[in-house]
Every structure is written in C-alpha cells, then in structure tokens.
Amino acid sequence: MNGIHDLGGMHGFGPINPEPDEPVFHAEWEKRVFGLFATTSAFAGFSVDEFRHAIENLPPAEYLETSYYEHWLHSFEEMLAIRGIVTKAELDARVDQIRQGGQ
Amino acid sequence: MLLTPDLVPVISASGQSARVDEKIAARFKTGTTVRVRNLHPTTHTRLPGYLCGKVGTVEIDHGVFIFPDTHAHNLGEKPQHCYSIRFKATEVWGPTAAANDTLRVDLFDDYLDPA
Amino acid sequence: MAKTKPAPVESETAIRVRALEAILIEKGLIDPKAIDALVDTYETKVGPRNGAKVVARAWFDPAYKQRLLADATSAIKELGFSGMQGEDMVVVENTDSVHNVIVCTLCSCYPWPTLGLPPVWYKSAPYRARTVSDPRGVLKEFGTILPEDVEVRVWDTTAELRYLVLPKRPAGSEALGEEALAALVTRDSMIGVTVL
C-alpha cells in the first residue's frame, strides 16, 4: 500500500540526531512489547508479514508521532482483536482498571 | 503454542527463514535488465514506491522466498525468486544524484518486467 | 539530604502494555518469564560485539572471509551467531572503490544476531527517508565524507535478506590479533554509516 511507512526519498524530516551511548531499551514497557512479539506469534500464529501490515494500517499522522515499539503494540492489538482473542473493549476496560489503581 | 522460557534460546537461535525449499524457475537471469512494474496495491507489499517504473539490472539471485504480498493476507506463500537489483542513483533520483552511486534493492519476481 | 524523587507517572502507553500483558497471562496464552528471557537475550547476549567478531575473523583469516562473502549465513553460524532476523544473511565488503550502507525504508529490518536490536536513529523517519536519495548527505551527518570516485552502494533491505557491512581494515592494524581487531569494530561501521 502507498502508506506513510514507505518513506524512501521523502523530504523534510530534518537531521538524524543519533543518541550517544544509547541503551537497548528506553523504558520498561518497551521491553515487554519487544517480548510480546515472539510470545504472541507463538500462540496467535501470525507471520511477520501480517505483523508489518498491521503497522502500516496506522493512520499516517499517528504513525509519524509514535515510536517503534508503539507501532508494535498497535500491531499486536489489531491482530489480537481480529482474531477475537483480546477485543478493544476488553483492553480498554483493563486500562481503566489499572488507571484506578487496580492490576 | 505457549512459548516457555526454556524455548527462548532455541527460537532465538533458529528463527524462521522465509526461504522456501522448492524448485521454482527464476524469471530473470543475473545480468538481465528489468523494469519495476508500476504497482500500487492497497494491500501489503514490499515494493518501495520510489522504484515504480525504474530500470535496473539483476545482480544477485537470492533464491526462492515466501511472497509477502500474499502471505500477509493469508493468501498463500506464492514462493518465487527474490533478486538484488542494481539501480543507478541517477536512474532513480535524476541528474542531481552522484553519477557513481547505486542502489541495491531486494525485489521479487512479481515486481519485475523485462526491460 | 537528597530530595526524594516523586514516583514517575506511568505513561498511557506503559499502562496499555501492562493491561495487554496481564490479559494474555490470565488467559494462559503467554508466560511472562519467556518475555524476561527474550529481553535478557537481546539486552545482554546478542549485540554488535557478535558482528565485530565476524569482521575481525574475516580480516584475520582470508579463507574465512571468502566463505563469509560466498555464504554469509553459514560462515556467521560457524562463530555461533544465527537466528531471528538473521536467518538469511548477506555480507557486503567495503573496498577502496566501493562503500556500502544499509537501510530499510519500509520498516527497520536489521541483522539481530550480529548487531542486536537497531538503534532509534536507524528506525527513524529521517534515516529511512534520506539514505536512499541522499546517502552522501546522511553519511556526512555521521562524519563520513567519501571521495566522489568511490561508489556509494545503498542497500534498501526490504525483503527477508539481512545485511552486514564488512568495513575496511584500518591502516596500522596489521600486527593486531583477532581480539584486538574486534575491539576496533563499531556497530555504525557495520551498518556502513562510518568508516574505521
């Protein structure tokens, strides 16, 4: 698809700015999302191709404003919802529960 | 399958190759000049848009691989050859690109026509 | 006395990840210890020091270099490195006339077994957008300026082959052993944004 992910040759993104002495992960949640790829594909049986396509389905503005591991999270959410394993409503309810001090 | 910690070193060291062990004829020999098809599917593809219509040369035949465009949508593996295609930077980006520079992009049989 | 730092507010994303993991654990679909093991593997065991060993061996042993350029996957496996996002490898050699640089414009494909997980800049829009169309401008940002007669060869690695650059052996390293050579090799030189 002619999506925003197809970045080759685009102008206007500015300098690259590599981070000196960059850690492998920048937050605990990034580690959990990273580990969700292998653990989730093991039971849900998705391919890396389906995984990438779910990332490409992000709305363009959101794609550019979110980070690499946020793209991964979006992909897992989409693929698990399509399979009926974790619905959006179920996840949103759990997020609310955590916000209110639950687990 | 439930991925347990004891399996992590195994899957990490083995991975899952997209190479397919099937005898499938290559549409192009190395050294052939090819033109990238002008394709704009609304579905998944690994053809970068900037290459549509560009002319290059088959540099390496990597062998037979799963075709991501169908595989992403559970439409089968459609195994086919994947090649490293050489493009002159000026062919892709015009006369302001450096004359000596090249691009090498891995493209599938289904993305290519004879030039 | 040092001030006590207030507890950091958990981001929306962090909460969402915690919620998803909790649901999957409760459904018995994932084992969180497997996530711990994956994180530990790619945080402490798999990284660019692996790639540096491959490069040093290639500099040190001409027969190994030949095998590496002919069948990178097998030659890299000889040193014990293989697997996820390095199932099918290609090694490309920098010479006096060719400089190679690796990018993935469509996502962020990267050879995990030899380089570990990619840095943020490699995954960023500016690197992915510009490396294919203005490689010399990108290299300059990394302090790499190449003569005009050198071919800059950009590999947009959008299929399932993963690439590693074999940098040029630095001048003055002739007397060094394999371990000392490996210490000279940087991650960025194996992506091809710098030279040694």
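Refer to the structure presented above.
Quick caveat: nothing in here was measured; it's all calculated off a predicted structure.

**So, the overall build of chain A**
Along its length, chain A carries 5 helices and 0 strands. When the helices and strands of chain A are listed from N to C terminus, the series reads α-α-α-α-α. Counting only C-alpha atoms, chain A reaches 40 × 35 × 25 Å along its principal axes. Burial status across chain A gives 51% buried among its 103 residues. For chain A, the proportion of contacts with a sequence separation of at least 24, taken over those separated by at least 6, is 61%. If you sum the accessible surface of chain A, you get close to 4,700 Å²; carbon and sulfur atoms cover 53% of it.

**Some details on the overall build of chain B**
A tally of regular secondary structure across chain B gives 3 helices and 5 strands. Ordered by position from N to C terminus, the α and β elements of chain B give α-β-β-α-β-α-β-β. By the compact-globule yardstick of 13 Å for 115 residues, chain B is too spread out, its C-alpha radius of gyration being 17 Å. The dimensions of chain B, computed from C-alpha atoms along their principal axes, are 55 × 30 × 30 Å. Per-residue burial over chain B gives 46% buried out of 115 residues. Within chain B, contacts between residues at least 6 apart in sequence are counted, and of these 62% link residues at least 24 apart. For chain B, the exposed area adds up to about 5,500 Å²; of that, 53% sits on carbon and sulfur atoms.

**Considerations on the nonpolar core**
Here is a general trend for soluble globular proteins: nonpolar side chains tend to be buried in one another's company. Counting 120 residues, the largest nonpolar core has A:Phe34, A:Trp72, A:Phe76, B:Leu107 and C:Tyr127 as its most contacted members. Broken down by element, this core gets its largest block of residues, 8 residues, from helix 1 (residues 28-44) of chain A. Shared between two domains, this core holds at least three residues of each, these being domain 1 (12-44) and domain 2 (47-191) of chain C. Beyond its immediate sequence surroundings of up to four residues, A:Phe76 is in contact with A:Val33, A:Leu36, A:Phe37, A:Phe46, A:Phe51 and C:Leu20.

**Description of the pattern of salt bridges**
Enumeration over the complete set of coordinates arrives at 30 salt bridges over all chains. Here A:Glu50 makes a salt bridge to A:Arg83, at a shortest N to O gap of 2.9 Å. Taken together, the residues span a long stretch of sequence, with A:Glu50 in helix 2 (residues 48-56) and A:Arg83 in the loop between helix 4 (68-82) and helix 5 (88-99) at a distance of 33 residues. Overall, A:Glu50 belongs to the buried group, its relative accessible area being 10%. With relative accessibility at 28%, the residue A:Arg83 sits in the partly exposed group. Here B:Arg37 and B:Asp113 are joined by a salt bridge, their closest N and O atoms 3.0 Å apart. One end of the pair, B:Arg37, is in the loop between strand 1 (33-36) and strand 2 (55-65); the other, B:Asp113, is in strand 5 (residues 112-114), and 76 residues separate them in sequence. Exposure remark for B:Arg37: the relative accessible area of 25% places this residue in the partly exposed category. In this structure, a network of salt bridges that share partners links the residues B:Glu59, B:Arg86, B:Arg104, C:Glu151 and C:Arg153.

Quick notes on the rules
- Residues numbered from 1 in each chain as written.
- Chains lettered and ligands numbered in written order.
- Predicted model: local features only at pLDDT ≥ 70, side-chain atom pairs only at ≥ 80, totals over all residues.
- Heavy atoms only, no water.
- Helix = DSSP H or I, 4+ residues; strand = E, 2+ residues; numbered from the N terminus.
- Buried < 20%, exposed > 50% of the residue type's maximum accessible area, 1.4 Å probe, protein only.
- Contact = heavy atoms within 4.5 Å.
- Areas by Shrake-Rupley, 256 points an atom, 1.4 Å probe, with all protein chains shown as cover.
- Rg over C-alpha atoms; globule rule 2.2 N^0.38 Å.
- Core = buried A, V, L, I, M, F, W, Y, C linked by side-chain atoms within 4.5 Å.
- Domains from an automatic or database assignment.
- Salt bridge = Lys/Arg side-chain N within 4 Å of Asp/Glu carboxyl O.

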